[in-house]
Amino acid sequence: MKLRADLKVIADWIPPKSRVLDLGCGDGTLMAHLMRDKRVQGYGVEIDVDNVVKCVAAGVPVIQSDLEAGLADFGDASFDHVILSQTLQAMRNTEEILIELLRVGREGIVTFPNFGYWENRLQIMQGRMPVSETIPYQWYNTPNIHWCMLGDFEALCAKNGIAIRERVVLNNDERVRFLPNLRGSLAVYRIGRP
């Protein structure tokens, strides 16, 4: 199965035989890949019943849970890596989930749609909320409740003493290095404690 570009970046950052927790794992595509190709151990956490069934069918250990309830069921430093892929913007308690993510994991990987992407800005200037490949919902049916740009996320990390170890910004499966906040539609961050 072909991985999305952001999932490829994440997979490249995960060493073989790591302990991994994938929060908001969707249908388990990433965990299935990591289990098969990197022999990782771990779990997915997903709220959607249909996606939980897909995880089970793919052989991915999954826990059905609402991330808004927190990660109290997981002990400190239980995982090497905790992934939050394209889920942060849908969380009510954004700051809390980042802190919890780094409590249960030695390192975190967070991805989110970049609201500062030029096409999003253009749609706003045209009087419409952005709809794109990374933001595929209309304003009235979106699960996304927090919009941020690269600088917003980096400021939140700084406020909470979270170190940014690496950042990759993507657009159409390509890495964006020049003017990433303007030209990149999706951000991928590797974070940890200093």
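Everything below is about the structure printed above this text.
Structural notes, computed from the coordinates. Keep in mind it's a predicted model, so treat the numbers as computed, not measured.

With respect to the secondary-structure elements, Glu46 resides in strand 2 (residues 41-46). No salt bridge is formed by the buried Glu46; its nearest oppositely charged neighbour, Lys54, is found at 9.8 Å. Of note is the side chain of Glu46, whose polar atom sits 2.6 Å from the backbone nitrogen of Gly26. Within the local environment of Glu46, its side chain forms a polar contact with the backbone nitrogen of Asp48, the two atoms lying 3.2 Å apart. Not counting residues up to four positions away in its chain, the partners in contact with Glu46 are Gly24, Cys25, Gly26, Asn51, Val52, Val62, Ile63, Gln64 and Ser65.

Quick look at the pattern of salt bridges now. Within this structure, the stated rule accounts for 10 salt bridges. Where Asp37 meets Arg36, a salt bridge forms, and the shortest distance between an N and an O atom there is 3.0 Å. Between Lys159 and Glu95 there is a salt bridge, and its shortest N-O distance comes to 2.6 Å. Separated by 64 residues along the polypeptide, Lys159 in helix 6 (residues 150-159) and Glu95 in helix 4 (residues 94-104) bring together distant segments of the chain. For Lys159, a relative accessible area of 61% puts it in the exposed group.

Here the focus is empty space enclosed by the protein. Counted by the stated rule, this structure contains 1 cavity of 30 Å³ or more. Put simply, the largest cavity is a space of about 30 Å³. Lining the largest cavity are Leu67, Glu68, Gly70, Met91, Asn93, Glu96, Ile97 and Glu100. Partitioned by chemical class, the residues of the lining of the largest cavity number 3 nonpolar, 2 polar and 3 charged.

What follows concerns the environment of Ile14. By the element assignment, Ile14 lies in the loop between helix 1 (5-13) and strand 1 (19-23). Among all residues touching Ile14, those that are not within four sequence positions of it are Val20, Leu34, Lys38, Val40, His81, Ile83 and Ile109.

As a further point, take the sheet that holds strand 3 (residues 62-64). Within the open sheet, the 8 strands sit side by side as 3-2-1-4-5-8-6-7. Their pairing is mixed. Unpaired on one side and paired on the other, strand 3 and strand 7 (174-175) mark the two borders of the sheet. Helix 2 (residues 29-37) rests against strand 1, strand 2 and strand 4 (79-85) of the sheet, and its axis sits at about 170° to strand 1. Where helix 6 meets the sheet, it contacts strand 5 (105-113), strand 6 (163-171) and strand 8 (186-192), and its direction lies at approximately 15° from that of strand 8.

Two aromatic rings are characterised by how far apart their centres lie and by the angle between their planes. A full pass over the atoms with the stated rule returns 7 aromatic pairs. Judged by centre distance (5.7 Å) and plane angle (70°), the rings of Phe74 and Phe79 are edge-to-face. Per residue, the accessibility class of Phe74 equals that of Phe79, and both read buried. Relative to Phe153, the ring of Phe112 has its centre 5.1 Å away and its plane inclined at 45°; by these criteria the two rings are tilted.

Rules and cut-offs
- Residues numbered from 1 in each chain as written.
- Predicted model: local features only at pLDDT ≥ 70, side-chain atom pairs only at ≥ 80, totals over all residues.
- Heavy atoms only, no water.
- Helix = DSSP H or I, 4+ residues; strand = E, 2+ residues; numbered from the N terminus.
- Buried < 20%, exposed > 50% of the residue type's maximum accessible area, 1.4 Å probe, protein only.
- Lys, Arg positive; Asp, Glu negative; His and termini not counted.
- Salt bridge = Lys/Arg side-chain N within 4 Å of Asp/Glu carboxyl O.
- Polar contact = N/O pair within 3.5 Å; in protein donor to acceptor, adjacent residues only side chain to side chain.
- Contact = heavy atoms within 4.5 Å.
- 1 Å grid on protein atoms, 1.4 Å probe; cavity = no way out; pocket = protein on both sides within 12 Å on 5 of 7 lines; lining within 4 Å.
- Points joined across faces, edges and corners; volume = space filled by probe spheres on them.
- Nonpolar A, V, L, I, M, F, W, Y, C, P; charged D, E, K, R; others polar.
- Pairing = 2+ DSSP bridges.
- Axes fitted to C-alpha atoms, helices over the stretch in contact; angles between N-to-C directions.
- Phe/Tyr/Trp six-rings, centres within 6.5 Å; stacked < 30°, edge-to-face > 60°.

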